[in-house]
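Structural description and commentary
Next come the chains, spelled out residue by residue.
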Amino acid sequence: MGGFDYEVIILGSGPAGLQAAIHAARAKVSVAILGREAKSSISGAHVENFCCLGKTDGGTLLDAGRNQAKSFGTVFLDEDVIETSRDDNGFVVKTESGSELRCGALILAMGISRKKLKVPGEKELLGKGVSYCVDCDANFFRNEKVAVVGDESAAGSGALTLLMYADEVHLITRSLNVTDELAYQVNESAVMVHQDTWVKEIEGQHKVEGLVLENGERLCVSGVFIELGAKGAIELAAKLGVALDSENFEYIVADKKQATNVPGVFAAGDICGPPWQVAKAVGEGCVAGLEAAAWVKKLR
Ligand SMILES: Cc1cc2nc3c(=O)[nH]c(=O)nc-3n(C[C@H](O)[C@H](O)[C@H](O)COP(=O)(O)OP(=O)(O)OC[C@H]3O[C@@H](n4cnc5c(N)ncnc54)[C@H](O)[C@@H]3O)c2cc1C
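This report concerns the structure included in the present document. Since we're looking at a predicted model, the values are computed, not measured.

**As for the state of the cysteines**
- Following the criterion strictly, the structure yields one disulfide and no others.
- Across the disulfide from Cys133 sits Cys136; the S-S distance is 2.0 Å. Measuring the twist about the S-S bond at about 70°, one finds the Cys133-Cys136 disulfide to be right-handed.
- Of the residues examined, Cys133 reaches a relative accessible area of 6% and is grouped as buried.
- Here Cys286 is not cross-linked by a disulfide; its sulfur's nearest cysteine counterpart is in Cys272, at 14 Å.
- With relative accessibility at 22%, the residue Cys286 sits in the partly exposed group.

**Considering the site of the ligand**
- Around the ligand, the structure places 30 residues, and the nearest of them are Ser40, Val81, Lys231, Asp270 and Val278.
- Backbone polar atom of Arg36 to an oxygen atom of the ligand: 2.9 Å apart, as the coordinates give it.
- In this structure, His46 approaches the ligand through a main-chain N or O atom, which is 3.3 Å from an oxygen atom.
- Notes on the ligand: free accessible area 1,000 Å², of which the protein chains cover 85%.

**Side note on the packing of helix α4 (residues 153-162) against helix α5 (residues 180-188)**
- α5 packs onto α4 with a crossing angle of 35° between their chain directions and a minimal axis gap of 10 Å. Relative to α5, the crossing made by α4 is left-handed. Counted together, Ser153, Gly156, Ser157 and Leu160 of α4 and Leu182, Gln185 and Val186 of α5 form the full contact between these two elements.

**Remarks on the pattern of salt bridges**
- By the definition in use, this model includes 11 salt bridges.
- A salt bridge links Lys231 to Asp135, with the shortest nitrogen-to-oxygen separation between them at 3.1 Å. Placement of the pair is Lys231 in the loop between β17 (223-226) and α6 (233-240) and Asp135 in helix α3 (residues 134-137), with a sequence separation of 96 residues.
- For Lys231, a relative accessible area of 6% translates into the label buried.

**With respect to the nonpolar core**
- In terms of nonpolar packing, the biggest core is built from 33 residues, with Val8, Ile10, Val29, Val31, Ile107 and Phe266 touching the most fellow members.
- Elements that contribute at least two residues to this core include exactly β1 (8-11), α1 (15-26), β2 (31-34), α2 (58-71), β9 (105-108) and α7 (278-299).
- Non-local contacts of Ile107, meaning those with residues more than four positions away in its chain, are made with Val8, Ile9, Ile10, Leu11, Ala20, Phe266, Ala288, Gly289 and Ala292.
- Listed in part, the 24 residues of the second largest apolar core include Ala32, Ala233, Ala267 and Cys272.

**Quick look at the layout of surface pockets**
- As a volume, the second largest pocket reaches approximately 300 Å³.
- For the second largest pocket, the lining is made up of 18 residues, of which Glu83, Lys94, Ser157, Thr161 and Met164 are closest to its centre.
- Top contributing element to the lining of the second largest pocket by residue count: α4, with three residues.
- Among the residues forming the lining of the second largest pocket, the class breakdown is seven nonpolar, five polar and six charged.

**Some points on empty space enclosed by the protein**
- Evaluation of the coordinates by the stated rule reveals one cavity of 30 Å³ or more.
- Each pocket or cavity is described by its volume, and for the largest cavity that value is around 40 Å³.
- Arg36, Lys39, Asp80, Glu152 and Asn177 are the residues that line the largest cavity.
- Each residue belonging to the lining of the largest cavity can be placed in one class, and the counts come to no nonpolar, one polar and four charged.

**Digging into the packing of aromatic side chains**
- Counted according to the given criterion, the structure contains two aromatic pairs.
- Judged by centre distance (5.3 Å) and plane angle (75°), the ring pair of Phe141 and Phe225 falls under edge-to-face. Note that Phe141 is positioned in the loop between α3 and β11 (145-149) and Phe225 in strand β17, a separation of 84 residues in sequence.
- The ring of Phe76 has Lys70 sitting right over it, with the charged end atom 6.0 Å from the ring centre.
- We note Arg174 situated over the ring of Trp198; from NZ or CZ to the ring centre the distance is 3.7 Å.

**Comments concerning the environment of Asp87**
- With respect to the element layout, Asp87 can be found in strand β6 (residues 81-87).
- Taking the C-alpha atoms as reference, Asp87 lies 9.6 Å from Gly104; in sequence the two are 17 residues apart.
- In this structure Asp87 touches Val92 and Arg102, once residues within four positions along its chain are discounted.
- Looking at Asp87, its side chain comes within polar contact range of the side chain of Arg102, at 2.5 Å.

Conventions and cut-offs
Residues numbered from 1 in each chain as written. Predicted model: local features only at pLDDT ≥ 70, side-chain atom pairs only at ≥ 80, totals over all residues. Heavy atoms only, no water. Disulfide = S-S within 2.5 Å. Buried < 20%, exposed > 50% of the residue type's maximum accessible area, 1.4 Å probe, protein only. Near = heavy atom within 4 Å. Polar contact = N/O pair within 3.5 Å; in protein donor to acceptor, adjacent residues only side chain to side chain. Areas by Shrake-Rupley, 256 points an atom, 1.4 Å probe, with all protein chains shown as cover. Axes fitted to C-alpha atoms, helices over the stretch in contact; angles between N-to-C directions. Helix = DSSP H or I, 4+ residues; strand = E, 2+ residues; numbered from the N terminus. Left-handed = near helix turned anticlockwise from the far one by under 90°. Contact = heavy atoms within 4.5 Å. Salt bridge = Lys/Arg side-chain N within 4 Å of Asp/Glu carboxyl O. Core = buried A, V, L, I, M, F, W, Y, C linked by side-chain atoms within 4.5 Å. 1 Å grid on protein atoms, 1.4 Å probe; cavity = no way out; pocket = protein on both sides within 12 Å on 5 of 7 lines; lining within 4 Å. Points joined across faces, edges and corners; volume = space filled by probe spheres on them. Nonpolar A, V, L, I, M, F, W, Y, C, P; charged D, E, K, R; others polar. Phe/Tyr/Trp six-rings, centres within 6.5 Å; stacked < 30°, edge-to-face > 60°. Lys NZ or Arg CZ within 6 Å of the ring centre and 35° of its normal.

These values are about where atoms sit, not about what they do.
Encoded structure:
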């Protein structure tokens with residue numbers, strides 16, 4: 001298998017990722033899928049416009065897809081990816097628990113994040129100290145005091161990354177919901193964790209000057225990284241050199257074969273842009289799965 005842990009690795013276990021897994025695994029290549037079912041946009045929603053099923057709920061749909069993908073040999077790793085990089089003839093995926101997995105083809109199916117903090121100062125100070133991307137902007141905060149806000153893997157790993165740049169790193173979290181390994185790394189590090197609280201307001205006239213927390217604390221910081229959820233297209237795909245759309249700079253550009261501009265990297269589902277529909281996600285997932293399988297067979 002060319003030294004790969006899995007020939008195809010899929011980031012995202014929503015409808016797009018599951019369909020990609022079903023088609024790739026049926027084409028007899030080894031497949032692993034990462035991500036959390038409960039974090040799919042369709043989890044908890046009702047669906048009535050997906051062909052052949054009538055009314056159903058997202059959880060039922062996802063469970064069925066997972067069982068199907070498993071039956072064809074897909075390995076499920078229920079954790080987030082925090083870093084992706086290229087190596088000689090493939091890609092390396094670093095997970096929340098610290099594993100490094102090598103593969104010949106990557107399928108990006110991480111969906112989209114619709115989350116904002118929705119607090120005073122967030123919109124006004126965007127680009128003036130407020131950022132949604134540690135990997136893109138950490139370097140601008142060398143030797144400064146910064147805060148990261150979030151409960152999941154992007155916040156935990158983002159805070160650790162910022163330690164390499166900033167003088168002081170605060171993590172504001174209601175409760176850190178990450179793997180034991182990542183929680184341990186954060187707790188053992190110099191990151192100052194403010195648990196059981198949240199941001200009430202981002203202060204500053206022309207740039208970020210501080211944060212007011214719900215517990216009444218005031219933090220003097222010049223940067224606030226809002227990292228709600230897991231890392232998405234901008235942080236994981238753009239870092240690999242995968243092109244994003246020139247208008248919004250948030251969706252992945254893929255061709256009719258769901259191939260991106262980086263050979264061996266495919267994308268499917270909401271991450272490729274609207275319409276945000278399960279039917280589109282599974283259609284693109286099918287193509288991405290087949291194309292990724294064909295790609296890695298050529299590497300054998
Ligand atoms: C309230 C609501 C109702 C909806 N109703 C309908 C409907 O009736 N009909 C319809 O067709 N569509 C509906 N949609 C849209 C539908 O949910 C999406 O189009 C569909 O889920 C997209 O699938 P996806 O696989 O691209 O992304 P998602 O389903 O969002 O899955 C993304 C996956 O990526 C994973 N992930 C994210 N980041 C990482 C990371 N760093 N590492 C590893 N994994 C990661 C997540 O854990 C998740 O498993 C609705 C959406 C919402 C929010």
